[in-house]
Amino acid sequence: MSVDLATVKRVARLARIAVTEEDANRMVGELNGIINFVEQLSEVDVTGVEPMTSVTPMEMRKRTDAVTDGDKADDIVANAPSTDHNFFLVPKVVE
Amino acid sequence: MTELTSLTIAEAREKLEAREFTSVELTEAYLSAIDAANSVFNAYVAVTPEKALGMAKASDERRAAGTVGALEGIPLGIKDLFATRDVHTQACSHILDGFLPKYESTVTQNLWDDGAVMLGKLNMDEFAMGSSNETSHYGAVVNPWRANGSNQQLVPGGSSGGSAAAVSAFLCAGATATDTGGSIRQPAAFTGTVGIKPTYGRCSRWGTVAFASSLDQAGPIARDVRDAAIMLRSMASVDAKDTTSVDLPVPDYEASLGQSLKGMKIGIPKEYRVEGMPEEIEKLWAQGIAWLKDAGAEIVDITLPHTKYALPAYYIVAPAEASSNLARYDGVRYGLRVDGKDIVDMYEKTRAAGFGTEVKRRIMIGTYVLSAGYYDAYYLQAQKVRTLIKRDFEIVFDAGVDAILTPATPSSAFGIADEDLASDPVKMYLNDIFTVTVNMAGLPGIAVPAGLDAKGLPLGLQLIGKPFEEETLFRTAHVIEQAAGRFTPAKWW
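Remember, predicted model here, so these are calculated numbers, not experimental data. (Residues numbered from 1 in each chain as written. Chains lettered and ligands numbered in written order. Predicted model: local features only at pLDDT ≥ 70, side-chain atom pairs only at ≥ 80, totals over all residues. Heavy atoms only, no water.)

(A) Highlighting the overall build of chain B. Along chain B, the regular secondary structure elements total 16 helices and 11 strands. Relative to a compact globule of 493 residues, whose C-alpha radius of gyration would be 23 Å, chain B shows 21 Å and is just as compact. Projected onto its principal axes, the C-alpha positions of chain B cover 65 × 55 × 50 Å. Out of the 493 residues belonging to chain B, those deemed buried represent 67%. The contacts of chain B with a sequence gap of at least 6 include a subset with a gap of at least 24, amounting to 77%. About 15900 Å² of surface is accessible on chain B, with carbon and sulfur atoms providing 50% of the total. Side-chain charges of chain B comprise 46 positive and 60 negative groups, with the mean position of each set lying 2 Å from the other. (Helix = DSSP H or I, 4+ residues; strand = E, 2+ residues; numbered from the N terminus. Rg over C-alpha atoms; globule rule 2.2 N^0.38 Å. Buried < 20%, exposed > 50% of the residue type's maximum accessible area, 1.4 Å probe, protein only. Contact = heavy atoms within 4.5 Å. Areas by Shrake-Rupley, 256 points an atom, 1.4 Å probe, with all protein chains shown as cover. Lys, Arg positive; Asp, Glu negative; His and termini not counted. Charge placed at Lys NZ, Arg CZ, Asp CG, Glu CD.)

Written out as structure tokens, the structure reads:
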């Protein structure tokens, strides 16, 4: 498999990263280099091998379903670029 | 006062207890060392003198009142990846401009609870993605080591390059670091310091900016094995806020130092003898084997057949997880925002301006391998290979091997802005060839300095252990350290 310019632009769109024509052209070569490098994995026989989901076999610890945190709206919006009355402000989404 | 900064944590601990000096005096010594030399190394991206002196004063008061924590009064540097309340926390990325968290990471909280003092935040590769510290938004870090007769600036390794340089240049007594593919061990090896990546789950990841959640682990970089043992004991804990943290008692790692290696089996994996490896590293490895044999360990040849697939599998799994973790940086809740004509345009422009080249590259790779039609061929295949990599280790450990000895890196520190490495990202990735398997299998690994190459630059050996058997690593690394001695750079700054 190899990556072409259209694929780079599509992936950039999926990743929500604006790319210039120049960036995209450079990325074609770089991404192909990396994809070619990882391609060697296809030669490994993985018949009957389970994909890893956790490096240490552990059961998920659970806790009581109770409120343990909260009442800190000011803290949560403190770092936001734009807020109003503890809401995050974003450009208009729905016309 | 400068001599205070040359003390190890263990030495400073003893002298603080003997009232030879106060934590305020020790902290002042470090702050003046930073003041004098940080412009040379660029190791700190934020120095917090007021906070440091306040914490040191409080520590002296606690000591006077008879309350003494395990790191009481010890000044530490903190990698910029750890959230520190109201203090610079940006993972050295432009996209987190101005971010001042309203919370403290569990690892740093553990250190403060044990009495440690924060000197400031340390430089690193952006979002911990890099092996040279050159991807930082704040610029490269300079390695305190130089080749004999040369004044060429060398990298300290990465991603914890600021941590390694600061420890090596005596700008902190010890530093926190993190390791996703080698980011503690490779910079430790490049700077003649000791770095341990503990077993996955040993330290809480809560409050540590996420890169690849199934691989990320915090650990210390320190001047020697004992200091690393002291620091890890404080950093490690089970944490209700990280369900992957493990509920096992944290041992007194320091107590394992000096214990005999008699009866211990050390495995030597043939797959780590890679093509083009410098002869000096071969020699260093053989020397390490001889030291452990002299100390009473039995040396056995082992095979880890899937080793060569660890790096390619890593470059699928880590970018995939990163692309997901870094989706949160969108200009809405924190950090940089670049306005656009609509919300998607704002996201795209913010992320284009906020992320550096290497971070974008990895997000792109991650997005690609997770995208429709490629998931099975790449991500699923990589996760299966990961199972096989872990199985290789399990087979060896089941056969009675206690620890595995390998080189830490395929070379000593290289130059800043190396053209050969800059032209091909995969070449830079190969720096992690000996360290990355350990993350893929979730195992503990320690890098310990073992000698100098012909250029006079430090080289390290790596020991890999069974899950949660960090004590074995400290005990064995201590034997190497005793035989090899300690390595400090000749002061030119």
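(B) Representation of the packing of aromatic side chains. Residue and element names in this part refer to chain B. The tally for this structure, following the rule as stated, stands at 19 aromatic pairs over all chains. Relative to Tyr378, the ring of Tyr368 has its centre 5.9 Å away and its plane inclined at 50°; by these criteria the two rings are tilted. You can see Tyr368 sitting in helix α11 (residues 357-370) and its partner Tyr378 sitting in helix α12 (residues 376-398), a full 10 residues away along the chain. Classification of Tyr378 by relative accessible area gives buried; the value is 2%. Clustering of aromatic rings is evident, with ring pairs tying together Phe99, Phe127, Tyr329, Tyr334 and Phe355. Positioned above the aromatic ring of Trp492, the side-chain terminus of Arg146 is 3.6 Å from the ring centre. Between the NZ or CZ atom of Lys241 and the centre of the ring of Trp206, over which it lies, the distance is 4.0 Å. (Phe/Tyr/Trp six-rings, centres within 6.5 Å; stacked < 30°, edge-to-face > 60°. Lys NZ or Arg CZ within 6 Å of the ring centre and 35° of its normal.)

(C) Here's a closer look at the environment of Val24(B). All names here are of chain B. Within the secondary structure, Val24 is located in helix α2 (residues 23-41). C-alpha separation for the pair Val24 and Gly73, spaced 49 residues apart in sequence, amounts to 7.9 Å. Contacts of Val24, omitting those with residues within four sequence positions, involve Leu53, Ala56, Lys57 and Asp60.

(D) Structural context of the nonpolar core. All names here are of chain B. Judged by nonpolar contacts, the single largest core of 181 residues is most densely connected at Phe127, Phe393, Leu405 and Phe474. For this core, the leading source of residues is helix α9 (residues 310-325), giving 10 residues. Apart from residues no more than four positions distant in its own chain, Phe127 is found in contact with Ala91, Ser93, Ile95, Leu96, Val209, Phe211, Leu326, Tyr329, Phe355 and Val359. (Core = buried A, V, L, I, M, F, W, Y, C linked by side-chain atoms within 4.5 Å.)

(E) Looking closely at the interface of chain A and chain B. Across the contact, 51 residues belong to chain A and 69 residues belong to chain B. Interface area for chain A against chain B, summed over the two sides, is near 5200 Å², with a carbon-plus-sulfur share of 71%. On the surface where chain A and chain B come into contact, there are three salt bridges. Of the charged contacts, one joins Arg13(A) and Glu348(B) as a salt bridge, the two residues approaching to 2.9 Å between their closest N and O atoms. (Buried area = accessible area lost by both parts, 1.4 Å probe. Salt bridge = Lys/Arg side-chain N within 4 Å of Asp/Glu carboxyl O.)

(F) Structural view of unusual backbone geometry. Residues and elements named next belong to chain B. The residue after Gly158, namely Ser159, is reached through a cis peptide bond having omega 10°. Note that Ser159 resides in the loop between β3 (117-122) and α5 (161-168). One non-glycine residue with positive phi stands out, namely Phe468, at about 65°. Relative to the helices and strands, Phe468 resides in the loop between β11 (458-465) and α16 (470-484).

(G) How the structure looks around the sheet that holds strand β10 (residues 445-452) of chain B. Residues and elements named next belong to chain B. Pairing within the open sheet is mixed, and its 11 strands lie in the order β1-β3-β2-β4-β6-β5-β10-β11-β9-β7-β8. Both edges of this open sheet fall to β1 (44-47) and β8 (298-302), since each of them pairs with a single strand only. The sheet shows a mean angle of 30° between the axes of neighbouring strands, direction not considered. (Pairing = 2+ DSSP bridges. Axes fitted to C-alpha atoms, helices over the stretch in contact; angles between N-to-C directions.)

(H) Seen up close, a nonpolar patch on the surface. A cluster of nonpolar residues, Val90(A), Val93(A) and Val94(A), forms a patch on the protein surface that exposes about 270 Å² of accessible area. You can see Val94(A) is positioned in the segment after β2 (87-88). (Patch = residues over 30% accessible without salt bridge, like charges linked within 9 Å, V, L, I, M, F, W, Y side chains within 5 Å.)

(I) Looking closely at the pattern of salt bridges. Residue and element names in this part refer to chain B. Taken as a whole, this structure holds 24 salt bridges over all chains when the rule is applied. Measuring nitrogen to oxygen at the nearest pair gives 3.5 Å for the salt bridge that ties Lys15 to Glu20. Here Lys15 falls in the partly exposed class, since its relative accessible area comes to 26%. The exposure class assigned to Glu20 is exposed, which follows from its relative accessible area of 51%.

(J) Spotlight on the side chain of Asp453(B). Residues and elements named next belong to chain B. Here Asp453 lies in the loop between β10 and β11. Here the side chain of Asp453 touches Ser412 through a polar contact of 2.7 Å, side chain to side chain. Setting aside residues up to four positions removed in sequence, Asp453 forms contacts with Glu280, Ser412 and Leu459. (Polar contact = N/O pair within 3.5 Å; in protein donor to acceptor, adjacent residues only side chain to side chain.)

(K) A look at the pairing of strand β5 (residues 194-197) of chain B. Residue and element names in this part refer to chain B. Here β5 shows two buried faces, one formed by Val194 and Ile196 and the other by Gly195 and Lys197. Both β5 and β10 contribute to a ladder of three bridges, which runs antiparallel. Within β10, the residue paired with Ile196 across the bridge is Ile446.

(L) View of the packing of helix α1 (residues 9-17) of chain B against helix α7 (residues 225-235) of chain B. Residue and element names in this part refer to chain B. Here α1 crosses α7 at 70°, and the two axes come no closer than 8 Å. Taken together, the axes of α1 and α7 lie roughly perpendicular to each other. Contacts between α1 and α7 pair Ile9, Ala10 and Arg13 from the former with Arg226, Asp227, Ile230 and Met231 from the latter. Residue composition of the contact of α1 with α7, by class: four nonpolar, no polar and three charged. (Parallel < 35°, antiparallel > 145°, perpendicular 65-115°, else oblique. Nonpolar A, V, L, I, M, F, W, Y, C, P; charged D, E, K, R; others polar.)

(M) A look at α16(B). Residue and element names in this part refer to chain B. An ideal rise of 1.5 Å per residue puts 21 Å on 15 residues; α16 measures up with 21 Å between its terminal C-alpha atoms. The buried count for α16 comes to 12 of 15 residues, which makes it a mostly enclosed element. Glu470, Thr472, Leu473, Phe474, Arg475, Thr476, Ala477, His478, Val479, Ile480, Glu481 and Ala484 are the residues of α16 that are buried. Just downstream of α16, Gly485 is the residue with a positive phi angle, here 85°. (Expected span 1.5 Å × (residues − 1).)

(N) Seen up close, the environment of Val194(B). Along the chain, the position of Val194(B) falls in strand β5. Spatially, the C-alpha atom of Val194(B) lies 6.0 Å from that of Arg223(B), the residues being 29 residues apart in sequence.

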